[in-house]
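# Examination of the molecular architecture
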Amino acid sequence: EADIYQTPRYLVIGTGKKITLECSQTMGHDKMYWYQQDPGMELHLIHYSYGVNSTEKGDLSSESTVSRIRTEHFPLTLESARPSHTSQYLCASSEAQGKEQFFGPGTRLTVL
Amino acid sequence: AQKITQTQPGMFVQEKEAVTLDCTYDTSDPSYGLFWYKQPSSGEMIFLIYQGSYDQQNATEGRYSLNFQKARKSANLVISASQLGDSAMYFCAMRELGGRRALTFGSGTRLQVQP
């Protein structure tokens, strides 16, 4: 069973607020990912990390930022949330040469 | 660039019947991995089955099997003996084998199992 956690599961906030979505995994995986998914649509990669102090932008442009100070922790931050940021955000991790990506339960963000 | 195509936005199946969800892919890499994930209404992504491009046999996991036709670049998911709990979105995905090893997803198929 995957040990990857995301908090909060649901978040409703007002425009202009700063928010941080938390993602943690206890499997010691080097690679971590953030995907964004609009309702009923496919997932798009927005950020990834090869390991500590390594972060890169993904395929879908995003105004969010990420950090990787510890192996197990990969938080995503929005400095000033807007209604266009309303979406589900899914965190995932995998071993360097692993077959499977393990997903967290996701955070459903609504910006009013 | 990799591309995944799922042409069935929605599918209906009767309980206990088998159903096939279609997936075609495009890549210039000779080595790749193909995945199917299930996403119930709660939103989490549940891994179902994996097929490597060099695997000689089609992958199977319980009631799930992957009909891999490499020359046609298709990787269809077959669910046998459908259950009401199978109602969900199903995503086909391809993984890059080098570098990021991120997943590229198709647009998904919503499966509804009817009693």
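The rules behind the values
Residues numbered from 1 in each chain as written. Chains lettered and ligands numbered in written order. Predicted model: local features only at pLDDT ≥ 70, side-chain atom pairs only at ≥ 80, totals over all residues. Heavy atoms only, no water. Helix = DSSP H or I, 4+ residues; strand = E, 2+ residues; numbered from the N terminus. Rg over C-alpha atoms; globule rule 2.2 N^0.38 Å. Buried < 20%, exposed > 50% of the residue type's maximum accessible area, 1.4 Å probe, protein only. Contact = heavy atoms within 4.5 Å. Areas by Shrake-Rupley, 256 points an atom, 1.4 Å probe, with all protein chains shown as cover. Lys, Arg positive; Asp, Glu negative; His and termini not counted. Charge placed at Lys NZ, Arg CZ, Asp CG, Glu CD.

### Here we look at the overall build of chain A
A tally of helices and strands in chain A yields zero helices and eleven strands. Helices (α) and strands (β) of chain A occur, in sequence order from the N terminus, as β-β-β-β-β-β-β-β-β-β-β. For 112 residues, the compact-globule estimate of 2.2 N^0.38 gives 13 Å, and the C-alpha radius of gyration of chain A, at 13 Å, lies within 12% of that figure. Principal-axis analysis of the C-alpha atoms places the extent of chain A at approximately 40 × 30 × 25 Å. Of all 112 residues assigned to chain A, the portion counted as buried reaches 49%. Sequence-distant contacts, at least 24 apart, represent 53% of the contacts inside chain A between residues at least 6 apart. In the form shown here, chain A has an accessible surface area of approximately 5400 Å², with 51% of it arising from carbon and sulfur atoms. Of the side-chain charges in chain A, 10 are positive and 13 negative, and the distance between the mean point of each set is 6 Å.

### Looking at the environment of A:Gly51
All names here are of chain A. If you trace the backbone, Gly 51 turns up in strand β5 (residues 43-51). What makes Gly 51 buried here is its relative accessible area of 11%. Contacts of Gly 51, omitting those with residues within four sequence positions, involve Asp 30 and Arg 68.

Any functional reading would require information beyond the geometric quantities listed.
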